[in-house]
Amino acid sequence: RLVAQLQGDQQRLSQRLETVLGESRKEWRLAEAEHLLRLATLRLSALQDITSAKALVEGADEILREQSDPGAFAAREQLARSLATLNSTQQPDRTGLFLKLAAQRELVQQLSAQSPEFDTNADALGALTADGDGASRLSQWWAEISKYFQIDFNADDNVRPLLAGQQLNQLRLALSLTIEQAQWAALNGDSKVYTQALDDARSVLLANFNADNPQSKAMLDSLNALAEQPVSVVTPDLSESLAAVQAYIQRRHLPADAEGGKP
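Not measured: the values here are computed from a predicted model.

Colleague: Run through the overall build of the protein, naming residues and quoting values.
Modeller: For the protein, the helix and strand inventory stands at ten helices and zero strands. Along the protein, helices and strands appear, N-terminal first, in the series α-α-α-α-α-α-α-α-α-α. For the protein, the residues scored as buried account for 30% of the 263 residues in total. For the protein, the exposed area adds up to about 17,600 Å²; of that, 54% sits on carbon and sulfur atoms.

Colleague: Which residues make up the confidence of the model for the protein, and what are the values?
Modeller: Parts of the prediction with low pLDDT should not have their coordinates interpreted in detail. Here the protein shows a mean pLDDT of 80. Residues at 70 or above account for 73%. For the protein, the element scoring lowest by mean pLDDT is helix α5 (residues 124–129), at 48; helix α3 (residues 73–87) scores highest, at 95. In the model, residues 114–122 has pLDDT below 50 throughout and makes 16 contacts with residues more than four positions away in sequence or in other chains. The low-confidence segment residues 259–263, where pLDDT is below 50, has zero contacts with residues more than four positions distant or belonging to other chains.

Colleague: How would you sum up helix α9 (residues 214–227)? Please name residues and give values.
Modeller: The end-to-end C-alpha separation of α9 is 20 Å, in line with the 20 Å expected for 14 residues at 1.5 Å each. Looking at α9, one finds that the buried residues are Ser216, Met219, Leu220, Leu223 and Leu226. The buried residues of α9 occupy an angular sector of 125° when projected down its axis, which confines them to one face. If you check the start of α9, you find a side-chain oxygen 2.9 Å away from the backbone N of glutamine 215, and it comes from asparagine 213.

About the cut-offs
- Residues numbered from 1 in each chain as written.
- Predicted model: local features only at pLDDT ≥ 70, side-chain atom pairs only at ≥ 80, totals over all residues.
- Heavy atoms only, no water.
- Helix = DSSP H or I, 4+ residues; strand = E, 2+ residues; numbered from the N terminus.
- Buried < 20%, exposed > 50% of the residue type's maximum accessible area, 1.4 Å probe, protein only.
- Areas by Shrake-Rupley, 256 points an atom, 1.4 Å probe, with all protein chains shown as cover.
- pLDDT = per-residue confidence, 0-100.
- Contact = heavy atoms within 4.5 Å.
- Expected span 1.5 Å × (residues − 1).
- Arc of directions from axis to C-beta.
- Polar contact = N/O pair within 3.5 Å; in protein donor to acceptor, adjacent residues only side chain to side chain.

And the structure:
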């Protein structure tokens, strides 16, 4: 009888030990869920990293699911709301914007003014000089210089001098620095600085380079397209989800504390 009683006591002790260890593992897992939510909040506030925050919240929800506890319903419900908000929030492609701006910076060094060339096929003076057999020296001379000079009595557009030498290099440097500033703003999610830098770059491009130049026109189109891309996002607030998980953990401790206070 003593042996049987001893074996029974050992079995009950083993069961209690397994229960204590199981509860301890659950407590550690719940603490991990709380930690994951804190990390998600930090990623959102510091880096606006929607993708990482969503993965962390999903990990916390998986831990609560493993508990198989009906008391976790309210906490999981709040986590589901946070996940729905994160899924509906678009993650800006900051790395892609940085690389596209870097490509534009490389093209700045190739940017040059294009000499104007006029089409004088229908010019009246050209027709007069070409009168006869068309092989006169005067007609050849006029056909050559008419590519670079033209008299227009009704010109309404401002004539912009060609850039060359040190002035051109300084303007290239100024344009490159504004694009570099836009790169920094894209990586840091600063939409105000990003927009201002691209506005400055387009102003330098329009004010000092020929708009008819294919290189200038292509760069202007690219900068206009990049200006429409978002670099920052309004991050969701996970404080309610964190508070719901903390409240659930506290409720799990209440029965144990009440039992421990009994005589």
